[in-house]
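One letter stands for each residue in the lines below.
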Amino acid sequence: MAGQDVNDNRVAAVVIMAAGAGTRMRSAIPKVLHRIAGKSLVALAIDSADALAPDRLVVVVGHQREQVSAHLGEVAPHVMIAVQERPLGTGDAVRSGLAVLPGITGEVVVTSGDVPLLTGETLLDLVAAHRDAANAVTLLTAVVPDPTGYGRIVREGDEVARIVEQADATDAELDLTEINAGIYVFDAATLTEGLASLQAGNAKGELYLTDVVAHARAAGRRVGARILADHLQTEGVNDRAQLAERGAELNRRILARWMADGVTVVDPATTWVEAGVDLAEDVTLKPGTSLEGATSVSRGATIGPDTTLIDCEVGENARVLRTHAELAVIGPDTTVGPFSYLRPGTELGSRAHVGAFVETKKAIIGEGAKVPHLTYCGDAEVGAGANIGAGTIFANYDGVTKSTSTVGVNSFVGSDSVLVAPVHIADGAYVAAGSTITGDVGPGELAVSRGQQRNIPGWVARKRAGTKTAASAEAALAAKEASQKEDSQ
Ligand code: UD1
Ligand code: CA
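The rules we used
Throughout, residues of each chain are indexed from 1 in the direction in which the sequence is written. Numbering of ligands from 1 and lettering of chains from A proceed in the order in which they are written. Under the rules for a predicted model, residues below a pLDDT of 70 receive no local features and side-chain atom pairs below 80 are neither given nor counted, while totals for whole chains, interfaces and linings still include all residues. Excluding hydrogens and water, the side-chain values take into account all heavy atoms of the structure. To qualify as a helix, a DSSP run of H or I must reach at least 4 residues; to qualify as a strand, a run of E must reach at least 2; elements of each kind are numbered from the N terminus. The atom set for the radius of gyration is the C-alpha atoms, and the globule formula is 2.2 Å times the number of residues raised to the power 0.38. Only protein chains enter the accessibility calculation, which uses a 1.4 Å probe. A residue is then buried if its area is under 20% of the maximum for its type, exposed if over 50%, and partly exposed in between. Polar contact criterion, stated in full: a pair of N or O atoms within 3.5 Å, where within protein one must be able to donate a hydrogen and the other to accept it, and residues adjacent in sequence count only if both atoms are side-chain atoms. The contact criterion used is simple: two residues touch if any of their non-hydrogen atoms lie within 4.5 Å. Sodium, potassium and calcium take a 3.2 Å donor cutoff, other metals 2.8 Å, and in both cases only N, O and S atoms count; water is not among them, so sites may look incomplete. A pair of aromatic rings is counted whenever rings of Phe, Tyr or Trp (Trp by its six-membered ring) have centres within 6.5 Å, and the orientation is called stacked for planes under 30 degrees apart, edge-to-face for over 60 and tilted otherwise. Distance and angle both matter: a charge sits over a ring if NZ of Lys or CZ of Arg is within 6 Å of the ring centre and within 35 degrees of the ring normal. Throughout, near means a residue has at least one heavy atom within 4 Å of the molecule or strand. Only the protein chains shown count as cover for residues, with accessible areas throughout obtained via the Shrake-Rupley method and a probe of 1.4 Å. Two kinds of site are reported from a 1 Å grid over the protein atoms alone, namely cavities, where a 1.4 Å probe fits but cannot get out, and pockets, open sets with protein on both sides within 12 Å along at least five of seven lines, and residues are called lining when an atom falls within 4 Å of a point. Molecules are considered to sit inside a cavity or pocket once more than half of their atoms lie within 2 Å of its grid points. Polar here means any residue outside two lists: the nonpolar Ala, Val, Leu, Ile, Met, Phe, Trp, Tyr, Cys and Pro, and the charged Asp, Glu, Lys and Arg; Gly therefore counts as polar. Grid points are joined across faces, edges and corners, and a volume is the space filled by probe spheres set on the points.

Some details on the overall build of the protein
Of the regular secondary structure elements, the protein holds 10 helices and 39 strands. In terms of overall size, the protein is more extended than a compact globule, its C-alpha atoms giving a radius of gyration of 33 Å where 489 residues would be expected to give roughly 23 Å. Each principal axis of the C-alpha distribution contributes one length, and for the protein these read about 120 × 50 × 45 Å. Among the 489 residues that make up the protein, the fraction classed as buried is 45%.

So, in structure tokens, the structure goes:
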């Protein structure tokens with residue numbers, strides 16, 4: 001074959017069919033844009049195709065093509081987009097794909113945008129089998145417990161004779177359990193000839209790609225099939241129930257890989273880790289944990305229970321429990337939670353602590369600093385070793401603009417204080433509890449901003465006579481008087 005090096009895994013092209021209407025999803029979103037493990041179905045199909053490093057990678061779009069094309073532009077700018085004008089069937093979809101590959105020779109791999117568990121390794125094996133047997137067509141098949149809905153493989157002896165679709169099958173053919181995964185390697189010339197011969201004389205009135213198999217056989221070409229033992233990889237997504245099943249299976253596979261790499265997953269059934277997440281050895285994931293986006297967790301950290309991290313970075317030996325965090329950096333040996341809410345722009349230094357009912361946003365918290373209880377910390381910089389008392393509010397918004405406040409190194413903000421931004425509290429300063437701070441505080445100063453305390457004797461007896469409080473006051477005063485008498489004797 002021209003330009004084809006036998007030691008090279010490159011195929012001439014991969015064509016991913018993604019133009020179907022996906023009616024059974026009952027969705028305003030195109031089927032291939034539905035997500036599992038944080039990635040669209042079509043992005044997962046592209047990931048496995050990329051393992052082949054094909055010279056050309058084509059995605060065939062049709063139904064809601066603007067949305068699908070826009071998504072491809074974002075997640076896979078290296079793919080070529082081909083348009084199938086009308087959904088006339090999988091044979092027509094591949095024709096549309098080949099239209100952007102004029103004069104193609106060599107091997108063309110065809111896959112579907114709705115078979116998300118298929119791995120790149122399986123595709124590499126399929127291409128190797130195709131080459132070893134010198135086939136013109138090699139199909140990926142699987143023997144499944146319930147073949148309903150799939151095309152069945154009709155064999156003559158060991159050889160594949162044809163594929164019959166569910167809607168066109170006889171009762172005897174419906175009992176066949178070897179199914180067509182919809183994943184193929186074709187010799188380009190065999191494919192082009194086969195596609196030219198297709199006719200829509202079937203139950204669905206479509207041009208079936210699967211009919212290329214019988215055509216190749218009739219033309220005397222070699223057709224082979226590789227049976228994939230791991231049949232779950234071949235399962236498609238046609239409705240929401242299958243979307244959930246494939247999603248759960250992909251999650252189980254992702255968790256199995258991380259466990260093999262030294263991550264403890266206490267309860268795989270309630271732990272969700274998306275495809276883009278990175279975990280180090282000796283990370284522990286407790287029940288109810290969901291790690292999403294580009295989250296990374298370093299060695300020895302413990303996450304959960306009941307924690308969701310989206311695009312977060314967690315340092316070594318950190319502990320994050322019952323927390324919701326997005327676009328936050330959590331330093332090494334830092335503890336977060338329970339019941340903390342870290343919003344985008346949060347950066348916690350090492351050995352810091354953010355505790356219960358604390359919300360942070362665009363907050364840089366220094367090494368060893370503590371924000372332990374009931375605090376809103378937005379647009380803030382807190383120096384190393386500082387302590388933010390319970391109930392402190394960084395009032396960052398005046399109704400028009402947001403401003404930043406700072407608290408210096410080893411400073412102490414007393415409980416229930418309001419820091420009205422922008423204010424700057426220097427290193428080594430104190431704010432007295434209950435203060436409303438509207439001006440800067442210098443190094444070594446104590447800022448107090450609250451009413452002087454005044455006690456009014458006899459107020460309860462006068463204004464709340466007859467209440468249980470008044471009774472207690474009377475008793476306490478009597479006891480006090482008695483003990484004073486005793487002391488003076
Ligand atoms: C197809 C196969 C079937 C196989 C199954 C595996 C055919 C005729 N049947 O059936 O043998 O067991 O896949 O999952 O090929 N598409 C287009 N344009 C179209 C029609 C479909 O791009 O006009 C795309 C769809 O978006 C989808 C893929 O092709 O990604 C498969 O189409 P689908 O309608 O799901 O085919 P199945 O009925 O599942
Ligand atoms: Ca399908």
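Quick look at the side chain of Asn202
As for its placement among the helices and strands, Asn202 is situated in the loop between helix 6 (188-196) and helix 7 (211-218). Looking at Asn202, the relative accessible area reads 17%, which means it is buried. A polar contact of 2.7 Å, which involves the side chain of Asn202, links it to the backbone oxygen of Glu206. Once you skip the residues sitting within four places of it in the chain, Asn202 turns out to touch Asp168 and Tyr208.

Thoughts on the coordination of the calcium ion (ligand 2)
The calcium ion (ligand 2) binds to the protein through Asp114 (OD) and Asn238 (OD1), with metal-donor distances spanning 2.7 to 2.8 Å. In this pair, Asp114 is assigned in the loop between strand 6 (107-112) and helix 4 (120-132) and Asn238 in the loop between strand 11 (223-227) and helix 8 (240-260), connecting sequence segments 124 residues apart.

Here's the deal with the packing of aromatic side chains
By the definition in use, this model includes 3 aromatic pairs. Between Phe339 and Phe357, the ring centres sit 5.3 Å apart and the planes meet at 5°, which makes this aromatic pair stacked. Separated by 18 residues along the polypeptide, Phe339 in the loop between strand 24 (335-336) and strand 25 (340-342) and Phe357 in the loop between strand 27 (353-356) and strand 28 (358-365) bring together distant segments of the chain. Residue class for Phe339 comes out partly exposed when judged on its relative accessible area of 44%. Note on Phe357: relative accessible area 53%, which makes it exposed. On the numbers, 5.0 Å between centres and 20° between planes, the contact of Phe412 with Tyr430 is stacked. Note that Phe412 is positioned in strand 34 (residues 412-413) and Tyr430 in strand 37 (residues 430-431), a separation of 18 residues in sequence. A cation over an aromatic ring shows up here: Arg257 above the ring of Trp258, its NZ or CZ 4.7 Å from the ring centre. Lying across the ring of Tyr397, Lys402 places its NZ or CZ 5.2 Å from the centre.

Things to note about the site of ligand 1
The full set close to ligand 1 counts 23 residues, and Gly20, Gln84, Thr90, Glu165 and Asn180 are the nearest of them. Contacts to ligand 1 include Thr90, whose side-chain N or O atom sits 2.7 Å from an oxygen atom. If ligand 1 stood free it would expose 750 Å²; the protein chains cover 91% of that surface. A majority-of-atoms criterion places ligand 1 in the largest pocket. When residues of the shell around ligand 1 are traced back to their parent elements, those giving at least two are strand 1 (13-18), helix 3 (90-98) and strand 10 (178-187). Classifying every residue of the shell around ligand 1 gives 9 nonpolar, 10 polar and 4 charged.

Considering the layout of surface pockets
Computed from the structure, the largest pocket encloses a volume of approximately 1400 Å³. Forming the boundary of the largest pocket are 50 residues, of which Arg24, Lys31, Asp114, Lys204 and Asn238 lie nearest the centre. For the lining of the largest pocket, the leading source of residues is strand 10, giving 4 residues. A class-by-class count of the residues in the lining of the largest pocket yields 19 nonpolar, 21 polar and 10 charged.

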